[in-house]
Each structure stands twice: as C-alpha cells, then as structure tokens.
Amino acid sequence: MPTTYDMILKGGTLVNQNGVGMGDLGITNGTIAAIGDLAQASAGQTVDCRGLHLLPGVIDTQVHFREPGATHKEDLESGSRAAVMGGVTAVFEMPNTDPLTTSAAALEDKLARAASRMHCDHAFWVGGTHDNVADLAELERLPGAAGIKVFMGSSTGSLMVPDDAGVEAILRATRRRAAFHSEDEFMLRAQAGWRVPGDPSSHPVWRSVAAALSSTHRLVAIARRCGARIHVLHVSTAEEIEFLKDHKDLASIEVTPHHLTLEDADYARLGTLIQMNPPVRAVRHRDALWAGLAQGIADILGSDHAPHTRDEKAKVYPESPSGMTGVQTLVPIMLDHVHHGRLSLQRFVDMTSAGPARLFGIACKGRMAVGYDADVTVVDLKRRVTIEDKWIASRSNWTPYAGREVTGWPVGTIVRGRTVMWQDELQTAGQGAPVRFTESLPR
Ligand code: DOR
C-alpha cells in the first residue's frame, strides 16, 4: 500500500458498507487508494474533515438540464453547477430536450456539450419512442447512455409512448433496466376537464391516483410478460407502493424529496411552484412513501430536477409548466429528514449511492472502496442553514424550499479526487466525465 497519496481526507466519519466509523481516505489519480488510519502517510494535500461525515458521492439519477433547446431554463453547465453546489457528484440527465435524445447523434451531441463544461460526472437517458425501437438495443449500450427512458404520460416536451403495444416493443428490444414515467395518458386526456383554471390544487385531481396506478399496473403486466426489468420513476401514490411491493423482482422504485416533503395543503402557499408531474398529493400518500422507504420498498431517491423560469411558472394554471428545481436541494432536504429521525444516514447513502449503482450497474461508483472513483459528498450534520433562492445555481434560480431552515448541509463535493465544491464555493472549472456502466463497458 503506498504511503503517499495525492490527497488525504483526514479525520472524518465514513458512512460506508462496513458501517459508520472514523477513518481517513487516501486518494491517488482520482481513485480511492486506501481507507483506514493514514496517520503515517503523506499527501500532496490533506483536508481536515474532523467533525464532518464522508458519504459515497451522491448520484441523482433523474435531472432535466434542458440543453439543447431550452437553455433559458437551464443548461448542462448551470445544472451541473447546481448539482455540485448541493453535494451531488453524478447525474443522469433526461431525454426530453429539443431535439429529443432519441438517436446516437443526439446522445453524442450531449456528451460533446458536457465535455469540459459539466462540473459533475454524467450519463444521459435515451428516449424510447415508437420510431426508434429498432435502434434501442444499440442505443442503450452506447458510452454515456444511462439506459432507455419512456414517458407513458405526457409531461414537458413531446416524448411519449402511451400504449401497451409501444411499451411492450420497447421492453422486448432492451436488455438494461429501462425507466418509466408512469401516468396513464389516456386517462389524463379523458380527465383534462378536471383541471380548474387558476387553481393548481386541482393538478392532483386531474393527474389522479387512478391514472398513476393504472399505468403502473399496465407497465408491470407488460414487463412480466417480457421478463424485463423496469424502474418506476417518482412514485407518488400509496396505492403504487402497495402494488409494487409484490413485484420487486422486476420493478425498482424511485421516490423524490418533493413527494416526501411537500403535501397538497402547500398549493395554497406555493401555487404553481410545486406543480409537478406526477403531482404533490395528500398527506396519506406522503406517509405511504415514507413507510415504503422505511420498509425498503423504495430503492432510490431522484430529484426530478425540472427547472422552469419564474415567469413561466407565473402563468395561470394550467398554462403553467410542471417542474421545479431540485438537484441542489436533494442533499440538504434529505439530511434535514435524517436530522428529524425520518431515515438513517446509512439509508440515505443506500438510496443515493449504493442503490443507483446496484440498479443501473454503475462501474466503480456508489461506495467508498479501494479501486473505486474517489467521489465523496462531505456533509456537516450540525450545520443549520436557511435555504434561499439566491443560493440556487440553476438558471431557473428559485426553489420551493426558500425560507426553510434545515439542519445538515453539503460542505464538500469531491469528484474523482478533485474538490469541486468546498464550503459553498465552486473550486474548479467543469471537468465532469461520462459515468461508466458494467453492462456496457467498451470492448
Ligand atoms: O413535472 C415534471 N416536469 N415532470 C416530468 O416528468 C418532466 C418534467 C419536465 O421536464 O419539466
């Protein structure tokens, strides 16, 4: 074992696969080289982490960064800056951009745009459509591809496969775990009249529990027929948790900080700012998501960072777009839940590092282990901060959590051994790289 490292993170509390305990982390060439007591070792740089907790880098597997096509809302630089300011070391970005990410050329374009601009590591979901089914087997294996994402219900952008035959064709064509926005488009169309103009609290009435459940029932039945693995994004209802718990062999579940934190009563105060698809719902659903999290039914957390500008959100419902920023607030909001005893820090790590690595076969990320990428989210569990809009680095520079005091804060973001954020300051220019996957390592 070498006794000299590029960097030693010294004296922090490591939250890792073998439990929680004091230890030093030795990093060389962007890789974890040693874990333990490194008191005798030397390093180019030693960072004093006493009083801080070191987590495996937080991976947010659902963000919308809007480039190309809507860069007035966000771009790959600003979105990834928001990510690292919030302690996130890697993101999977969604394909509902313009043009859509539905071809090898569009994926290559995103990777080229990301190079030397994105601050965190990244992969891009490729959209599954009726038109690109024949290409999906190849597309899902391309370097930088996170897998295939399918919208079964309409949201921002034009990507959509609402019908069973279309979903089945995609699941037969793919081998990796595909991700689904599961709301029944046919029901959403039939129920469109349930929206009350000017009243965003009618959003969950329109995008009903039954619409989410119907879509998820259909999706699971198709996946079962095809023997396919599926990932159900942003699960928002008690009924889906209850149903999906019996299909864990094929279905993984994402829950979001906003569905775990907000409730329908908040529409009165926050209006269209919390208009999301699927919607923020009644407290019984939030309680069921927490119960699902406690029982291990929910696998991972994703922010569904979906920025729109304040002006766009100020339109009168239902002209207002659905989505809110979230990549930067994921860690502080969830650490505050840890502080209040709603989940353990180990469970948070399970859902933001180990979980994504397990579900999507991420190579060398998701745990702090020798030989793995030196991705570390450094947090101060005692720091109390009031979240403010001015802290938000997204081009859509607002958050529904403005004014909320949280206990627990990301104080350092280390990506492959480089300190990208420290104590709320960006430290380097963008040097993010594509995430690698065990299912599609280059041959
Ligand atoms: O509210 C949402 N907004 N949900 C989605 O699934 C898409 C997103 C967006 O891209 O704006």
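Below you will find a few notes about this structure. (Residues numbered from 1 in each chain as written. Predicted model: local features only at pLDDT ≥ 70, side-chain atom pairs only at ≥ 80, totals over all residues. Heavy atoms only, no water.)

**Re the overall build of the chain**
Here is the rule we go by: Helix and strand definitions follow DSSP, with helices as H or I runs of at least four residues and strands as E runs of at least two, each counted in order from the N terminus. Here the globule rule is a power law, 2.2 Å times the number of residues to the power 0.38, and the radius of gyration is based on C-alpha atoms. Whether a residue is buried, partly exposed or exposed follows from its accessible area with a 1.4 Å probe, protein chains only, as a fraction of its type maximum: under 20%, in between, or over 50%, in that order. Two residues form a contact once any of their heavy atoms are found within 4.5 Å.
Each helix and strand counted, the chain has 14 helices and 17 strands in total. Against the compact-globule benchmark of 22 Å for 443 residues, the chain has a radius of gyration of 21 Å, which places it among compact chains. Across its three principal axes, the chain shows a C-alpha extent of roughly 70 × 50 × 40 Å. In the chain, which comprises 443 residues, the share counted as buried stands at 63%. Residue pairs at least 24 apart in sequence account for 74% of intrachain contacts in the chain once pairs closer than 6 positions are excluded.

**Quick word on the pairing of strand 8 (residues 121-127)**
Formally: Two strands pair if DSSP finds at least two bridges between them.
Burial analysis of strand 8 places seven of its seven residues in the buried class, the great majority of the element. Alternating positions in strand 8 separate into two faces, Asp121, Ala123, Trp125 and Gly127 on one and His122, Phe124 and Val126 on the other, with burial throughout. Pairing of strand 8 with strand 9 (residues 145-151) involves four bridges; the strand directions are parallel. Paired with Val126 across the strands is Ile148, a residue of strand 9.

**What about the pattern of salt bridges?**
One side chain can pair with another of opposite charge once the charged atoms of both are near each other. Condition: What counts as a salt bridge is simple: a side-chain nitrogen of Lys or Arg found within 4 Å of a carboxyl oxygen of Asp or Glu.
Tallying each qualifying case throughout the model produces 34 salt bridges. Where Arg50 meets Asp48, a salt bridge forms, and the shortest distance between an N and an O atom there is 2.7 Å. Residue Arg310 is joined to Asp389 by a salt bridge in which the shortest nitrogen-to-oxygen separation is 3.5 Å. Linking Arg310 in helix 12 (residues 310-313) with Asp389 in the loop between strand 14 (376-386) and strand 15 (405-415), this pair joins segments that are 79 residues apart in sequence.

**Some remarks on the site of the ligand**
Here is the rule we go by: A molecule or strand has a residue near it when one of that residue's heavy atoms lies within 4 Å. Throughout this description, a polar contact denotes any pair of N or O atoms lying within 3.5 Å of each other; where both atoms belong to protein, one of them has to be capable of donating a hydrogen while the other can accept it, and for residues adjacent in sequence the pair is counted only when both atoms sit in side chains. The accessible surface values rely on the Shrake-Rupley method and a 1.4 Å probe; as for residues, cover is taken only from the protein chains in view.
Near the ligand lie 15 residues; those nearest to it are Arg66, Asn96, Thr156, Asn277 and Ser322. Between the ligand and Asn96, the relevant distance is 2.9 Å, taken from an oxygen atom to a side-chain nitrogen or oxygen of the residue. Between a nitrogen atom of the ligand and a main-chain N or O atom of Ser322, the distance comes to 2.9 Å. For the ligand, whose free accessible area comes to 290 Å², the fraction covered by protein is 100%.

**Examining the sheet that holds strand 12 (residues 251-255)**
To summarise the sheet geometry, strands pair through backbone hydrogen bonds and adopt either a parallel or an antiparallel arrangement. Stated formally: Whenever a helix is involved, its axis is fitted only over the stretch in contact; in every case the axis is a line through C-alpha atoms, and angles between N-to-C directions fall within 0 to 180 degrees.
A sheet is described by the order of its strands in space; here eight strands give the open sequence 6-7-8-9-10-11-12-13, paired in parallel fashion. The sheet is open, and its two borders are formed by strand 6 (58-63) and strand 13 (300-301), each paired with just one other strand. Relative to strand 10 (residues 178-181), helix 4 (residues 164-173) is tilted by about 160 degrees, and along the sheet it contacts strand 9, strand 10 and strand 11 (230-232).

**Overview of helix 14 (residues 345-360)**
Applied cut-off: Helices are assigned an expected span. That span is 1.5 Å times one less than the residue count. One axis is fitted to the seven residues ending at the residue and one to the seven starting there. The bend at that residue is the angle between these axes.
Taking 1.5 Å of rise per residue, 16 residues should cover 22 Å, and helix 14 covers 22 Å from first to last C-alpha, within 8% of that figure. The largest bend along helix 14 reaches roughly 45 degrees and is located at Ala354, with the proline Pro356 sitting one to four residues downstream. A positive backbone phi angle near 60 degrees is found at Gly361, which sits one or two residues after helix 14.

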